[in-house]
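Examining the three-dimensional arrangement
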Amino acid sequence: MSDSDGARPVYGEPKPGVIYEERPAVYGIAFDAQGRVATTRDPFGDFLPGGGKEPGESDEETLKREVMEELGWELELGPRLNGSDSFHYSPRYQKHFRAMAEYFIITQWRKTGAPIEADHELVWLKPDEVEQQYFHAHQIQAVREALARRP
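Now for a quick tour of the structure.

What counts and what doesn't
- Residues numbered from 1 in each chain as written.
- Predicted model: local features only at pLDDT ≥ 70, side-chain atom pairs only at ≥ 80, totals over all residues.
- Heavy atoms only, no water.
- Phe/Tyr/Trp six-rings, centres within 6.5 Å; stacked < 30°, edge-to-face > 60°.
- Helix = DSSP H or I, 4+ residues; strand = E, 2+ residues; numbered from the N terminus.
- Buried < 20%, exposed > 50% of the residue type's maximum accessible area, 1.4 Å probe, protein only.
- Salt bridge = Lys/Arg side-chain N within 4 Å of Asp/Glu carboxyl O.
- Pairing = 2+ DSSP bridges.
- Axes fitted to C-alpha atoms, helices over the stretch in contact; angles between N-to-C directions.
- Contact = heavy atoms within 4.5 Å.

1. Describing the packing of aromatic side chains
What the rule picks out here adds up to 7 aromatic pairs. Residues W73 and W109 carry aromatic rings whose centres are separated by 5.1 Å and whose planes lie at 10° to one another, so their mutual orientation is stacked. Linking W73 in strand β6 (residues 73-80) with W109 in strand β8 (residues 95-111), this pair joins segments that are 36 residues apart in sequence. Overall, the relative accessible area of 3% leaves W73 in the buried class. Here W109 falls in the partly exposed class, since its relative accessible area comes to 29%.

As structure tokens, this is what we get:
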């Protein structure tokens, strides 16, 4: 991880000669009563619920749409956490991204239907399992920050 301008943590380093597609994204962190973290599992790994912004969407709109698509949940959002950037290769999309991620704590959720994305499933992971299983270091750090803010 580097922090070149002091404002946002940056994970990974851009490789010379590689073109990175900028991808604004928003993710949510929800804890159940046992302190486990809501995780979206798909064929490519374990991730925080959320994803890429569509043109014209606010961060809140993006997160609510993405979590409805992935988990079938309606949300209430709590505090915004620190954002971060990540340079990485995505096996799902087979391209390099500069992910510009924002994060929120999800304070309440309600399942209202089946997920639209059939290859996604909800898995509740203990925080130490997040550390071992998540694909993105920037999402692990966001979970750490959310844990530190829990009462």
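2. Describing the pattern of salt bridges
The full count for this structure, using the stated rule, is 18 salt bridges. Residue D32 is joined to R36 by a salt bridge in which the shortest nitrogen-to-oxygen separation is 2.6 Å. Residue class for D32 comes out buried when judged on its relative accessible area of 11%. When the shortest N-O distance is used, the salt bridge between E69 and R65 registers 3.3 Å. With E69 and R65 both in helix α1 (residues 59-71), this residue pair falls 4 residues apart, about one helical turn. Salt bridges linked by common partners bring R8, E22, K53, D59, E60, R80, D85, R98 and E102 together as one network.

3. Points about the sheet that holds strand β9 (residues 121-125)
In space, the 3 strands of this open sheet follow the order β4-β3-β9, with antiparallel pairing throughout. Edge strands, defined here as strands with exactly one partner in the open sheet, are β4 (45-47) and β9. Taking each pair of neighbouring strands and ignoring which way they run, the sheet shows an average axis angle of 40°. Strand direction decides the pairing type here: strand β3 (residues 37-42) and β9, joined by 5 bridges, are antiparallel. Its bridge partner being in β9, T39 is matched across the sheet by V123.

4. Points about the side chain of H136
Along the chain, the position of H136 falls in the loop between α2 (127-133) and α3 (137-149). When its relative accessible area of 10% is taken as the criterion, H136 is described as buried. In contact with H136, not counting residues within four places along its chain, are F47 and H88.

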